[in-house]
Each structure stands twice: as C-alpha cells, then as structure tokens.
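# Notes for the structure review
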Amino acid sequence: MRNEWWQEERGFSLLELVTALPITAMLLVSLAAAFLWLVRLYVFTLSDWELQAQVRMPLERLVLEASTAGKIDGAEDALRMELHDSFGKILAVQYGIKGSGEHRILTRRDDDGYMQPLTGGSMLGDICIREFSCVMLSERLAFLRITGENRLTGHQFSLETA
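The rules behind the values
- Here the residue index of a chain counts from 1 through its sequence in written order.
- For this predicted model, a pLDDT threshold of at least 70 governs which residues receive local features, and a threshold of 80 or more governs which side-chain atom pairs are given and counted, while totals over whole chains, interfaces and linings are taken from all residues.
- With hydrogens and water excluded, all non-hydrogen atoms of the structure serve as input to the side-chain values.
- Patch criteria: residues need more than 30% relative accessible area and no salt bridge. Like-charged residues are merged within 9 Å; nonpolar side chains of Val, Leu, Ile, Met, Phe, Trp and Tyr are merged within 5 Å.
- Where accessible areas are quoted, they stem from the Shrake-Rupley method and a 1.4 Å probe; at the residue level, only the protein chains shown are allowed to cover.
- Any carboxyl oxygen of Asp or Glu that lies within 4 Å of a side-chain nitrogen of Lys or Arg is treated as forming a salt bridge with it.
- What counts as a helix is a DSSP run of H or I of at least four residues, what counts as a strand is a run of E of at least two, and both are numbered from the N terminus.
- Exposure categories follow from relative accessible area, calculated using a 1.4 Å probe and restricted to protein chains: below 20% of the type maximum is buried, above 50% is exposed, and the middle band is partly exposed.
- Any two strands with at least two DSSP-identified bridges between them are counted as paired.
- The set of buried Ala, Val, Leu, Ile, Met, Phe, Trp, Tyr and Cys residues whose side-chain atoms join them within 4.5 Å is what this entry labels a nonpolar core.
- Should any heavy atoms of two residues lie within 4.5 Å, those residues are counted as being in contact.
- Charge counting treats Lys and Arg as positive and Asp and Glu as negative, with His and both chain ends excluded.

## Regarding a nonpolar patch on the surface
On the surface, Phe35, Leu36, Val39, Tyr42, Val43 and Leu152 cluster together into a nonpolar patch covering about 590 Å² of accessible area. Along the chain, Tyr42 falls in helix 1 (residues 14–68). Under the relative-accessibility criterion, Tyr42 is labelled exposed at 54%.

As structure tokens, this is what we get:
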C-alpha cells in the first residue's frame, strides 16, 4: 500500500503557524498585563496599610502617655506633657510636626533634646502627616487628631480621640 504525501507530513503548516502565533502572543500579553496590574494593586494596598499604621501608632503612644501625664498643655499643632519616670523625675515631652511642605513627620522631643520621629521612613509609600491638632477640652482632657496622606495613592487617613 502506498502512503500519500499528506500522511507523511510532520510539523505545522504555515497557515497553522500564522493563526496560532498571534493568538498565543495576545494571550501572553494579556497575562503579563494582568500580572502587572495585580502587582500594582498589591503595592497600593501595602502602601495604604503603611499609612494607617503610621497614623495609628503615634496616636496610641500619645494616648498612653497622656493617660499617665501629670500635666497636659495643648496648642493648635503641638502637645506638651509632663511625665513621671520610674525614678520620680518629671520629664517634659513635646509632640509636634517637623518639616515643611511634602516631608512633614510627627516627632516626640523631651527636655534632654532627644528627638524621636514617630512617622516617616516608609519604604512602601510616600507618607506625609498633613495635620496634627490638639484642642484642650479641660485641664486633663484633650481632643487629638492626626491626618496622614499617602502620596503614592492619593489617599488620606485620619484618626481622632479625646
């Protein structure tokens, strides 16, 4: 029995390649675009999480120190407290904004001149503290508000407490 020429053919024909290659290329480009979109979404989500953490942590520390402070003095954009250390020594601590423009961070400074940044240094997002306000409601009660902005996503996050 004689074999026909189409039965001996191996591989793909030119027509099959011309139709399969563009379809495969479109699928690969679509997969790459979806992957890049998911990576961008992941970075934005982590960046917003960092914004929330950089607003929440200083406020928690402020509330903790204010609850044990002997005296609290508040101004529009600063807060001064007198704390007692474990040896009974009175330590004055001041919270406020340091920096200007786009690089504003919340800091804690004590009487010894030691300044501790409470925000900033984020590798996930470009975080800036937009507002730190303190309004004294009574001698021992202050209304605190911290607002931060993530310049990567444009989102703002505020926390407030009394």
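Further notes follow.
## Comments concerning the pairing of strand 6 (residues 127–136)
Bridge analysis of strand 6 against strand 7 (residues 142–150) gives 9 bridges, and the strand direction is antiparallel. What sits directly across from Val135, in strand 7, is Phe143. Between strand 6 and strand 7, which pair antiparallel in sequence order, lie 5 residues.

## Some remarks on the nonpolar core
In this structure, Leu62, Leu79, Met81, Tyr95, Phe132, Leu144 and Ile146 are the most contacted members of the largest nonpolar core, which totals 22 residues. Of all the secondary-structure elements, those providing two or more residues to this core are helix 1, strand 2 (78–84), strand 3 (90–98), strand 6 and strand 7. The dominant element in this core, judged by the number of residues it contributes, is helix 1, at 5 residues. Setting aside residues up to four positions removed in sequence, Phe132 forms contacts with Leu62, Glu76, Asp77, Ala78, Leu79, Tyr95, Gly96, Ile97, Leu106, Arg145 and Ile146.

## A few points about the side chain of Asp48
Inspection of the secondary structure puts Asp48 in helix 1. One buried charged side chain, Asp48, makes no salt bridge at all; its nearest oppositely charged neighbour is Arg40, positioned 11 Å away. Discounting chain neighbours no more than four positions away, the residues touching Asp48 are Asn150, Thr153 and His155.

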